[in-house]
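These are the residues of each chain, in order.
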Amino acid sequence: MLDVEIAGLELRNPTVLASGILGTTAASLLRVARNGAGAVVAKSCGLMPREGHPNPTVVEIEQGILNAVGLANPGVEEFTEELRQALRGGVPVIASVYGFRVEEYAAVAKILSRAGVSAIELNLSCPNVEKVGSLFGADAELAHEVVREVKRTVSLPVFAKLTANVGDIVEIAKACEEGGADGITAINTLKAMAIDIKAKAPVLGNKVGGLSGQCLKPVALRCVYEIAQEVEIPIMGCGGVTSGRDAVEYLMAGARAVQIGSAVLTRGISVFKKVALEIQEFLEERGYSHVRDIVGLALK
Ligand SMILES: Cc1cc2nc3c(=O)[nH]c(=O)nc-3n(C[C@H](O)[C@H](O)[C@H](O)COP(=O)(O)O)c2cc1C
């Protein structure tokens, strides 16, 4: 009763590991698969290795997490071997791609598609070096261009992962759909910070970072709800999913699956199994025979 189809991917249940958490090695991705996830998204990777931001890069705050990891990754060539091995987990492996130029996204996606990954997720929360001051995910034209170029290059399903650090997220989602995206992931972290009052300085090494966890849920949920009314392609909701109840809210808002990141840190790696079971209990209690029956109920 929990299996879902999303952009051609078959998931045994609607829980998906979000990018950046336990997603850097085959061993950790396989562990997540063994712990019940319906699919896994790997850590974002780019063309070249990147060291990332100085420590501290991850701090816990009230009802959430702040991170400024800075896209630390070994570069796509080294990463493909890990992803190839992660495919043995028996669940779809979605590779996450970032870039600073349109062509960079396409080049990385091409290498990853040769590794046999199940789908590509485009992390659009990156600055464009050619159009200084603009983020791919905050500029409808750029977002459209990246999706179109990647779709031209690979024949895999492509998810556009959006940022809510924008005026109108629906406009960006529509541009991605028109560019050929097969699905939307909403949302990435929100720009935020914390101050250490003893040190009289920002807590994060990078000063500013991204907010995730339970405090993000109302914002992310609103984004999913708004996008679901305007686009046809399926949506993965992401932001603060910790319990089956959270997942049900996202599904009712129009998402077909939910990604889980920060809750892996707060509820443990078995969070996927737990959330799936809690969704199932909800469905049984309310007399629904399948999870698809509750998708979009709150939109009506
Ligand atoms: C430590 C950390 C690292 C992350 N790295 C990435 C990343 O590499 N690429 C990406 O698209 N999102 C990244 N994210 C964002 C998550 O995938 C997710 O969009 C966000 O955390 C909201 O979901 P959550 O509240 O369930 O954590 C990261 C989040 C955290 C906490």
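Report on the accompanying structure.

Parameters at a glance
- Sequence positions are assigned chain by chain, starting from 1 and proceeding in written order.
- Local features are withheld for residues below a pLDDT of 70 in this predicted model, meaning they are given only at 70 or higher, and side-chain atom pairs are given and counted only at 80 or more; totals for whole chains, interfaces and linings count all residues.
- Under the DSSP-based scheme used, a helix requires at least four consecutive residues in state H or I and a strand at least two consecutive residues in state E, with every element numbered from the N terminus.
- Two things to know: the radius of gyration comes from C-alpha atoms, and the globule rule equals 2.2 Å times the number of residues to the power 0.38.
- Partly exposed residues are those whose C-beta has more than 12 but fewer than 20 other C-beta atoms within 10 Å; 20 or more makes a residue buried and 12 or fewer makes it exposed, with C-beta atoms placed from the backbone.
- The criterion for strand pairing is that DSSP finds at least two bridges linking the strands in question.
- Here is how to tell: hold the view so the strands point away, follow the path from the first strand over the helix to the second, and if it runs clockwise the crossover is right-handed.
- By convention the nonpolar core is taken to be a set of buried residues drawn from Ala, Val, Leu, Ile, Met, Phe, Trp, Tyr and Cys and joined through C-beta atoms within 7 Å.
- C-beta atoms are placed from the backbone for every residue, and two residues are taken to be in contact when these atoms lie within 7 Å.
- To define axes, lines are fitted to C-alpha atoms, for helices over the stretch in contact only, and angles between the resulting N-to-C directions are given on a 0 to 180 degree scale.
- Roughly parallel means an angle under 35 degrees; roughly antiparallel means over 145; roughly perpendicular covers 65 to 115; every other angle is labelled oblique.
- Note on convention: near helix rotated counterclockwise from far helix by under a right angle means a left-handed crossing. Clockwise means right-handed.
- Three classes are used: nonpolar for Ala, Val, Leu, Ile, Met, Phe, Trp, Tyr, Cys and Pro, charged for Asp, Glu, Lys and Arg, and polar for all others, with Gly counted as polar.

## Some remarks on the overall build of the protein
Regarding its fold elements, the protein presents 9 helices and 16 strands. For a compact globule of 300 residues, the expected C-alpha radius of gyration is about 19 Å, and the protein comes in at 18 Å, within 12% of that figure. Seen through its principal axes, the protein has C-alpha atoms that stretch 50 × 50 × 40 Å.

## Focus: the pairing of strand β10 (residues 183–186)
Here β10 shows two buried faces, one formed by G183 and T185 and the other by I184 and A186. The sheet contact formed by strand β9 (residues 158–162) and β10 spans 4 bridges and is parallel. Paired with F159 across the two strands is G183, which belongs to β10. Handedness of the crossover is the feature at issue here: the chain leaves β9, passes through helix α5 (residues 169–178), returns alongside β10, and the resulting connection is right-handed. By the bridge criterion, 3 bridges tie β10 to strand β15 (residues 235–238) in an arrangement that is parallel. Bridging across to β15, I184 finds its partner in I235.

## Description of the nonpolar core
One recurring pattern in soluble globular proteins: nonpolar side chains tend to sit buried together. Core analysis: the largest hydrophobic core is formed by 96 residues, its most contacted members being V40, L122, I184, A186 and V224. Among the elements that make up this core, the one with the highest residue count is helix α6 (residues 217–228) (7 residues). Ignoring any residue separated from it by four or fewer positions in sequence, one finds A186 in contact with L162, I169, A220, C223, V224, I227, I235, G237 and C238.

## Looking at the pairing of β9
With 5 of its 5 residues buried, β9 lies for the most part within the structure. A two-sided burial pattern is seen for β9, the buried positions comprising V158, A160 and L162 on one face and F159 and K161 on the other. This β-α-β element, strand β8 (residues 119–123) to helix α4 (residues 140–153) to β9, shows right-handed connectivity.

## As for the packing of α4 against α5
Where α4 contacts α5, the axes come no closer than 8 Å and their chain directions differ by 30°. As far as their axial angle goes, α5 and α4 are roughly parallel. The hand of the α4/α5 crossing is right-handed. Taking contact as the criterion, the partners of A140, A143, H144 and V147 in α4 are, on α5, E171, I172, A175, C176 and E178. When grouped by side-chain class, the residues that make up the contact of α4 with α5 number 6 nonpolar, 1 polar and 2 charged.

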